[in-house]
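# Tertiary structure, described
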Amino acid sequence: MAEQAFVTLATNDSYARGAMVLGKSLRNHKTSKKLVVLIGPHVSDQSRAVLHKIYDDVRLVDVLDSGDTAHLAMMKRPDLGVTFTKLHCWTLTHYSKCVFMDADTLVVSNIDELFDREELSAAPDPGWPDCFNSGVFVFIPSNETYGRLLQFCTEHGSFDGGDQGVLNGFFSDWATADITKHLPFIYNMSSIAIYTYLPAFKQYGANAKVVHFLGATKPWSYTYDPRQRRVRGDVAAAAHPGFLLEWWTLYSGEVVPMLMREYGDQPFCSGCEEDAGESEPVQTLMSSAERKQRWEQGQADYMGIDSFDNIQKKLDVFLK
Ligand code: UDP
Ligand code: GLC
Ligand code: MN
C-alpha cells in the first residue's frame, strides 16, 4: 500500500519556523506517517536545511496567489492570497492519503487515527461553523481533483480570497452530507475559541489534540525569554498562554539550536531574547534577506521593526 503523510506549507521563513515546530511536535508524539513540507522559492537555504532534517520530503512548489485583494481585505488579512499554494497538496500522488496541517498548528497528542477518515474531513470553522476550517483536513491526492480545483478557482474564485473559500465552495456538501467527515473540534482547536466560549474551553480544552494559532498574530510574532520561560508581548490577544508557551518551549529548545548550526556566524534573529544585543531587542523572526524582500514588495512592517522610530534610530547611528 502506498504511504500516508502529514503535509504542511511554508512560503517564507516565518511560516517555515512554524512548520519546523509542527514537524517536531508530530515526531515527538511518535507519528508513524511520513512528513511532507511544501515550500516556496523565498524560503532561505538555512531554513530548507533545517526542514530537511525534520521532514522526510521537502518539495519546492510555485506560489499561487489569488490576488483577490477585495475579499482578503474583508478578513483584514491581505497576506493570505498565497494560501492558494495549499492546493498543490493534491499533486502529492505518491501518497495514498494525507492530512494537511497549517504551519501555525501544534500537535499535542498523537493524531494518526485521522487517517481512518475520508476526503474531505475537517473541523468546523469557529467563525462560521457551516464552513470547515482549512487549517487541518484529510484528503486524497489526485491530479484529477487538483485540475478540477484549479478550474473551480478560475470559474468561481474564492469568497474569502484564500484557500478556505475555494475548498468550501468545492466540497460544498460538507456541512450536510456525512457527519463522519466532521472532525471533532479538538483536532483543530483554534485559540480564538478560548475567548469566544471560555466555559467550553475549561470543560473540554484539556482534550485538545491540535492547537491552531489562527489569526494575524502568530506564536513567532512574540519574543521569548528562555531563562524565565516567559513569552513577552500582549499574550492574551492571540492564544492561550499555556499553548503559546508550549510552542515556544519546543521552538527554543529543539528548533533554535538547529537554526543556529545552519546560520553559523551570520546574523539571524531567533526571537529568543538571549541572542539579542543589549541595545537592540529582537522584534521579529525575519531574516535580513526576508525583510529586504518584503521591503522590495512594498510590505514594510511600519508598525513594528520598520516603524518611523526605528528608521530614525538607524539614521542617527549612520549620521553620527
Ligand atoms: N502560509 C504561508 N505563507 C503565507 C501565509 C500563509 O506559507 O504568507 C501558509 C501556512 O501554512 C499557513 C497557511 O498558509 O499556516 C494559512 O495561513 P494562516 O495560518 O496565516 O491563516 P489563518 O489560519 O490565520 O487564517
Ligand atoms: C482560514 C484558515 C486558513 C486559510 C485561510 C484563508 O482562516 O484557518 O487555513 O488559509 O482561512 O482561506
Ligand atoms: Mn492557520
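Residues numbered from 1 in each chain as written. Chains lettered and ligands numbered in written order. Predicted model: local features only at pLDDT ≥ 70, side-chain atom pairs only at ≥ 80, totals over all residues. Heavy atoms only, no water.

To continue, consider the overall build of the protein. On a plain count of helices and strands, the protein comes out with 10 helices and 11 strands. Scored against the burial criterion, the 320 residues of the protein give a buried share of 52%. Residue pairs in contact within the protein that sit at least 24 positions apart in sequence constitute 68% of those at least 6 positions apart. With the model as given, the accessible surface of the protein reaches about 15700 Å², and the carbon-plus-sulfur share is 55%. (Helix = DSSP H or I, 4+ residues; strand = E, 2+ residues; numbered from the N terminus. Buried < 20%, exposed > 50% of the residue type's maximum accessible area, 1.4 Å probe, protein only. Contact = heavy atoms within 4.5 Å. Areas by Shrake-Rupley, 256 points an atom, 1.4 Å probe, with all protein chains shown as cover.)

In a perfect tetrahedron of four donors around a metal, the angles come out at 109.5 degrees. In a perfect octahedron of six, they are 90 or 180 degrees. Within the protein, the manganese ion (ligand 3) binds to Asp-102 (OD), Asp-104 (OD), Asp-104 (OD) and His-212 (NE2); these donor distances fall in the range 2.2 to 2.3 Å. In the primary structure, the donors to the manganese ion (ligand 3) are separated according to the pattern D-x1-D-x107-H. Taken as a pair, Asp-102 and Asp-104 share a single burial class, namely buried. (Donors = N, O, S within 2.8 Å, 3.2 Å for Na, K, Ca; no water.)

A few words now on the site of ligand 1. Around ligand 1, a shell composed of 16 residues is seen, among which Leu-9, Thr-11, Tyr-15, Gly-215 and Lys-218 lie nearest. The separation between a nitrogen atom of ligand 1 and a polar side-chain atom of Thr-11 is 2.7 Å. Note that an oxygen atom of ligand 1 is positioned 3.2 Å from one of the side-chain N or O atoms of Asp-102. For the shell around ligand 1, the per-class residue count stands at 7 nonpolar, 5 polar and 4 charged. (Near = heavy atom within 4 Å. Polar contact = N/O pair within 3.5 Å; in protein donor to acceptor, adjacent residues only side chain to side chain. Nonpolar A, V, L, I, M, F, W, Y, C, P; charged D, E, K, R; others polar.)

What follows concerns the site of ligand 2. Surrounding ligand 2, one finds 13 residues, the nearest of these being Lys-86, Asp-102, Asp-160, Asp-163 and Gln-164. Between an oxygen atom of ligand 2 and a side-chain N or O atom of Asn-133, the distance comes to 3.1 Å. For ligand 2, an oxygen atom lies 2.5 Å from a polar atom in the side chain of Asp-163. Considering ligand 2 on its own, with 310 Å² of exposed area, one finds that the protein chains cover 90% of that surface. Breaking the shell around ligand 2 down by element, the ones donating at least two residues are strand E7 (132-139) and helix H5 (163-170). The biggest single contributor to the shell around ligand 2 is E7, with 3 residues. When the residues that make up the shell around ligand 2 are grouped by side-chain class, the tally is 2 nonpolar, 7 polar and 4 charged.

Counting 56 residues, the largest nonpolar core has Leu-51, Tyr-55, Met-101, Ile-111 and Trp-248 as the members making the most contacts within it. When residues of this core are assigned to their parent elements, the largest contribution, 11 residues, is made by helix H8 (residues 241-263). Each residue touching Leu-51, except ones within four places of it in the same chain, is listed here: Ala-16, Ala-19, Met-20, Val-37, Ile-39 and Val-58. Counting residues in hydrophobic clusters, the runner-up holds 28 residues, among them Val-36, Leu-38, Cys-98 and Phe-137. (Core = buried A, V, L, I, M, F, W, Y, C linked by side-chain atoms within 4.5 Å.)

Below, the discussion takes up helix H4 (residues 143-156). The α-helix advances 3.6 residues per turn, and as a result positions three or four apart in sequence lie on the same side. The terminal C-alpha atoms of H4 lie 20 Å apart, and with 14 residues this matches the ideal 20 Å at 1.5 Å per residue to within 8%. Listing the buried residues of H4 in full gives Thr-145, Tyr-146, Leu-149, Phe-152 and Cys-153. With its buried residues spanning 120° around the axis, H4 presents them on a single face. Residues Glu-144, Thr-154 and Glu-155 are exposed on H4 and point more than 90 degrees away from its buried face. Buried positions along H4 lie against H5. At the N-terminal end of H4, a side-chain oxygen is found 3.2 Å from the backbone nitrogen of Glu-144, two or three residues along, and the residue is Ser-142. (Expected span 1.5 Å × (residues − 1). Arc of directions from axis to C-beta.)

Here we come to the side chain of Asn-168. Tracing the chain through its elements places Asn-168 in helix H5. Side-chain polar atoms of Asn-168 contact the backbone oxygen of Gln-164, separated by 2.9 Å. The residues contacting Asn-168, other than those within four sequence positions of it, are Cys-131, Phe-132 and Phe-159.

All right, on to the packing of H4 against H5 then. In the contact formed by H4 and H5, the axes pass within 10 Å of each other and the chain directions differ by 110°. When the interaxial angle is binned, H4 and H5 end up roughly perpendicular. Taken together, the residues of H5 that come into contact with H4 (itself represented by Thr-145, Arg-148, Leu-149, Phe-152 and Cys-153) are Val-166, Leu-167, Gly-169 and Phe-170. Along the lines of polarity and charge, the residues of the contact of H4 with H5 split into 6 nonpolar, 2 polar and 1 charged. (Axes fitted to C-alpha atoms, helices over the stretch in contact; angles between N-to-C directions. Parallel < 35°, antiparallel > 145°, perpendicular 65-115°, else oblique.)

Along the chain, the position of Gly-23 falls in helix H1 (residues 13-28). Taking the C-alpha atoms as reference, Gly-23 lies 8.9 Å from Val-37; in sequence the two are 14 residues apart. The residues contacting Gly-23, other than those within four sequence positions of it, are Leu-35, Ile-54 and Tyr-55.

For the pair H1 and H8, interaxial distance at closest approach is 10 Å and the crossing angle is 115°. Pair H1 / H8 crosses with right-handed handedness. Contacts between H1 and H8 pair Asp-13, Arg-17, Gly-18, Met-20, Val-21, Lys-24, Ser-25 and Asn-28 from the former with Trp-247, Leu-250, Tyr-251, Glu-254, Val-255, Met-258, Leu-259 and Tyr-263 from the latter. For the contact of H1 with H8, the per-class residue count stands at 9 nonpolar, 3 polar and 4 charged. (Left-handed = near helix turned anticlockwise from the far one by under 90°.)

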